[in-house]
Amino acid sequence: MRNLAVFGTASDVGKSIVATALCRMFSNAGIDVAPFKAQNMSNNSGVTPDGLEIGRAQIVQAEAARVVPTADMNPVLLKPNKDTGSQVVLQGTVAANRSAREYFGNTRIWAEAAFESLENLRHQHEMLVIEGAGSCAEMNLYERDFVNFRTAKKADAAVILVADIDRGGVFAQVAGTLSIIPPEDRALVKGVIVNRFRGDATLFDDGIRIIEELAGVPVLGVVPYFRGIAIDAEDAVPLQAVVDPAGAPDPGKISIAVIYFPHISNFTDFAVLDSHEDVEVHYLHHPKRLNDYQAVILPGSKNARGDLDWMLSNGWEEKLNTFRDDGGVILGICGGYQMLGRVIADPYGIEGEAGESKALGLLPMETVLRKTKKLFNSKGCLLGESVKVGGYEIHMGESNLVGDAHSLIQVSSRNNEPVADNDGAVSVDGKVIGTYFHGIFDRTGFREWFLRLLDPQFVTNGETWDKDNEYNRLADHFEKHLDMSAVYGIIGRESKN
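Residues numbered from 1 in each chain as written. Predicted model: local features only at pLDDT ≥ 70, side-chain atom pairs only at ≥ 80, totals over all residues. Heavy atoms only, no water.

(A) Representation of the overall build of the protein chain. Helix and strand counts for the protein chain come out as 15 helices and 28 strands. In terms of overall size, the protein chain behaves like a compact globule, its C-alpha atoms giving a radius of gyration of 23 Å where 497 residues would be expected to give roughly 23 Å. By principal-axis analysis of the C-alpha atoms, the protein chain measures approximately 70 × 50 × 40 Å. The burial tally for the protein chain puts 57% of its 497 residues in the buried class. Summing over all exposed atoms, the protein chain offers an accessible surface of approximately 19,900 Å²; the carbon and sulfur share of this is 47%. Placing the 48 positive and 67 negative side-chain charges of the protein chain at their respective mean positions leaves the two points 3 Å apart. (Helix = DSSP H or I, 4+ residues; strand = E, 2+ residues; numbered from the N terminus. Rg over C-alpha atoms; globule rule 2.2 N^0.38 Å. Buried < 20%, exposed > 50% of the residue type's maximum accessible area, 1.4 Å probe, protein only. Areas by Shrake-Rupley, 256 points an atom, 1.4 Å probe, with all protein chains shown as cover. Lys, Arg positive; Asp, Glu negative; His and termini not counted. Charge placed at Lys NZ, Arg CZ, Asp CG, Glu CD.)

Below, the structure is given as structure tokens:
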């Protein structure tokens, strides 16, 4: 079988989701498949079972493929911490901080590591689903781009081109991309997927014919826009998310506001809440009155001091204090947890100039940023409760209580090693809560505990969120709308359909 590469006409056309769906479909067909993305730029990351950091999308794709995620699946991860700079995570560990100019000035060392990981995976698995990055036709960076066609050539992969019809200009997307890439790269493209279609797909029959004439390859499917399938997004708040709505939330639902930081990270923490029928989640970038919400969440941040300054300069402190005084619940996760304390000290200049930032003071806690990043898959239970919790930790901060509050979680293990430790903080009245655990809402016990804290009348319907079932639902959706016989023909395997 050939490996299969999923490239895009632009960023955010749905490459990650298409690759995830293909991983599950191939796994369902009995193929030993694994994901690969040479370089990912995202602040949505996760921790592998052996304690290394990769993009969240590749962890999702590995889960869909039913394989254990490893650092080889995303050997280069860029985590933007400034407008023109990123932390570089190389094969799972922090390697450097680089400006865009510095990084692209010499990509050889990054490419060598990426291709080493690619070869490792090729020896370990029957086939790979390879995700490209951004547009595969960024001509000003083409000679330095090792993520798209250079990877496809190294992997002997056929290429599927994904275009997003929802944003408009789908014909120009496909024709423009194929017209400007070199002929030898265009020859690798074996099909096109038109993604995020709305309406009656039969009205696009002429569109399919036109794209096939322009591209010289078949349209493998027109995939409708979907809602209600909770799959972690790669590096942007999902398109279906409600951002800065003009109106109030539905009074019949539990309403939660998530502060939309400039450097927001791991917003996938809230995917299960977004899809919960009894919950409405709004992402707020601009300050507004918060009394229509029952909880406000400060999410993770790749630059907690920078996002804290942004909050203070934009008037969020007053809004949060008023919400707190009125009895609202405030939850901080990772960087958001750090902001709830009294001070964030950065003696080594991890997030900018060395120094200290006065924080919101809603928890009696102080944070110091250290040089070494902590990467854990962690388990425990809520302190004083029988509620089991779990999640993953990615942070350079150490936070310590310095006043009248208690820890949130009694931690029992990190990376499968027993520990006797605590995490997080809870104010005396139980209304301000913080934790370093990302993914904590994925566990039914904590999710229901938190929702009952917001609404004591909340009653679960007995259903539990099954991530594996979400992958099957995603695969079913794509399988209905793709010509899988053609897809199997591209990879050189007879379809079992």
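(B) Quick peek at a nonpolar patch on the surface. Taken together, Phe 171, Ile 210 and Leu 214 make up a surface patch of nonpolar side chains, about 220 Å² in accessible area. By the element assignment, Leu 214 lies in helix α8 (residues 205-215). On the basis of relative accessibility, which here comes to 41%, the residue Leu 214 falls in the partly exposed class. (Patch = residues over 30% accessible without salt bridge, like charges linked within 9 Å, V, L, I, M, F, W, Y side chains within 5 Å. Salt bridge = Lys/Arg side-chain N within 4 Å of Asp/Glu carboxyl O.)

(C) Inspection of the sheet that holds strand β6 (residues 76-82) at higher detail. Taken in spatial order, the four strands make up an open sheet running β3-β6-β7-β8, and their pairing is mixed. Edge strands, defined here as strands with exactly one partner in the open sheet, are β3 (39-41) and β8 (93-99). On average, each strand axis in the sheet is tilted by 25° relative to the strand beside it, whichever way the strands run. In the sheet, β3 pairs with β6 via three bridges, with the strands oriented parallel. Note that in β6 the partner of Met 41 across the bridge is Leu 78. (Pairing = 2+ DSSP bridges. Axes fitted to C-alpha atoms, helices over the stretch in contact; angles between N-to-C directions.)

(D) Representation of the pattern of salt bridges within the structure. Enumeration over the complete set of coordinates arrives at 24 salt bridges. In this structure, Lys 467 engages Glu 63 in a salt bridge whose closest nitrogen and oxygen atoms are separated by 3.7 Å. With Lys 467 in helix α14 (residues 467-481) and Glu 63 in helix α2 (residues 56-65), this residue pair connects regions lying 404 residues apart in the sequence. Ionic contacts of the salt-bridge type, sharing partners, join the residues Asp 12, Asp 164, Arg 167 and Arg 196 into one network.

(E) Main features of α2. Extensive coverage of α2 is indicated by the burial of nine of its ten residues. Residues of α2 that are buried include every one of Arg 56, Ala 57, Gln 58, Ile 59, Val 60, Gln 61, Ala 62, Ala 64 and Ala 65, and no others. Looking at the residues trailing α2, positive phi occurs at Arg 66, about 65°.

(F) Expanded view of the sheet that holds strand β14 (residues 254-259). Judged by pairing direction, the sheet is mixed, and its eight strands sit side by side in the order β13-β16-β14-β17-β19-β28-β27-β24 without closing on themselves. The sheet terminates laterally at β13 (242-243) and β24 (405-406), the two strands that pair on one side only. Bridge analysis of β13 against strand β16 (residues 279-284) gives two bridges, and the strand direction is parallel. What sits directly across from Val 243, in β16, is Tyr 283.

(G) Quick peek at unusual backbone geometry. A positive phi angle, close to 60°, is found at Arg 196, a residue other than glycine. With respect to the helices, strands and loops of the structure, Arg 196 is situated in strand β11 (residues 189-197). With a relative accessible area of 14%, Arg 196 lands in the buried category. Although it is not a glycine, Asn 266 sits at a positive phi angle of roughly 50°.

(H) Inspection of the packing of aromatic side chains at higher detail. Using the criterion set out here, one finds 14 aromatic pairs in the structure. Centre to centre, the rings of Phe 261 and Trp 310 are 6.3 Å apart; their planes meet at 85°, and the pair counts as edge-to-face. Here Phe 261 is found in the loop between β14 and β15 (264-265), whereas its partner Trp 310 is found in helix α10 (residues 304-313), with 49 residues between them in sequence. Pairing Phe 446 with Trp 449 gives two aromatic rings, centres 5.4 Å apart and planes at 35°, and the pair type is tilted. Of this pair, Phe 446 and Trp 449 both sit in helix α13 (residues 444-454), three residues apart, which is roughly one turn of that helix. Trp 449 shares its class with Phe 446; the two are buried. Among the aromatic side chains, those forming a connected cluster through ring pairs are Phe 270, Phe 441, Phe 446, Trp 449 and Phe 450. (Phe/Tyr/Trp six-rings, centres within 6.5 Å; stacked < 30°, edge-to-face > 60°.)

(I) Molecular detail of helix α6 (residues 170-180). Those residues of α6 that fall on the buried side of the exposure criterion are Val 170, Gln 173, Val 174, Thr 177 and Leu 178. End-on, the buried residues of α6 take up no more than an arc of 105°, which puts them together on one face. Opposite the buried face of α6, at more than 90 degrees from it, the exposed residues are Ala 172 and Ser 179. Close packing links the buried residues of α6 with β10 (157-164), α7 (183-186), β11 and α8. (Arc of directions from axis to C-beta. Contact = heavy atoms within 4.5 Å.)

(J) Representation of the state of the cysteines within the structure. Enumeration according to the criterion identifies zero disulfides in this entry. With no disulfide of its own, Cys 136 has Cys 23 as its nearest cysteine by sulfur position, at a separation of 19 Å. (Disulfide = S-S within 2.5 Å.)

(K) Region of the structure containing empty space enclosed by the protein. For the structure on display, the rule yields four cavities of 30 Å³ or more. When its volume is computed, the largest cavity comes out at roughly 240 Å³. Every element with two or more residues in the lining of the largest cavity is listed here: β6, β18 (300-301), α12 (335-340), β22 (365-382) and β23 (388-401). The dominant element in the lining of the largest cavity, judged by the number of residues it contributes, is β23, at four residues. Partitioning the lining of the largest cavity into residue classes produces six nonpolar, eleven polar and four charged. (1 Å grid on protein atoms, 1.4 Å probe; cavity = no way out; pocket = protein on both sides within 12 Å on 5 of 7 lines; lining within 4 Å. Points joined across faces, edges and corners; volume = space filled by probe spheres on them. Nonpolar A, V, L, I, M, F, W, Y, C, P; charged D, E, K, R; others polar.)

(L) Spatial organisation of the environment of Arg 342. Structurally, Arg 342 is set in the loop between α12 and β20 (343-346). Looking at Arg 342, the relative accessible area reads 42%, which means it is partly exposed. C-alpha of Arg 342 to C-alpha of Glu 417: the two residues are 75 residues apart in sequence and 31 Å apart in space.

(M) A look at the side chain of Ser 117. Tracing the sequence through the fold places Ser 117 in helix α4 (residues 108-124). The contact partners of Ser 117, leaving out residues within four places of it in the chain, are Phe 36, Asp 72, Pro 75 and Gln 91.

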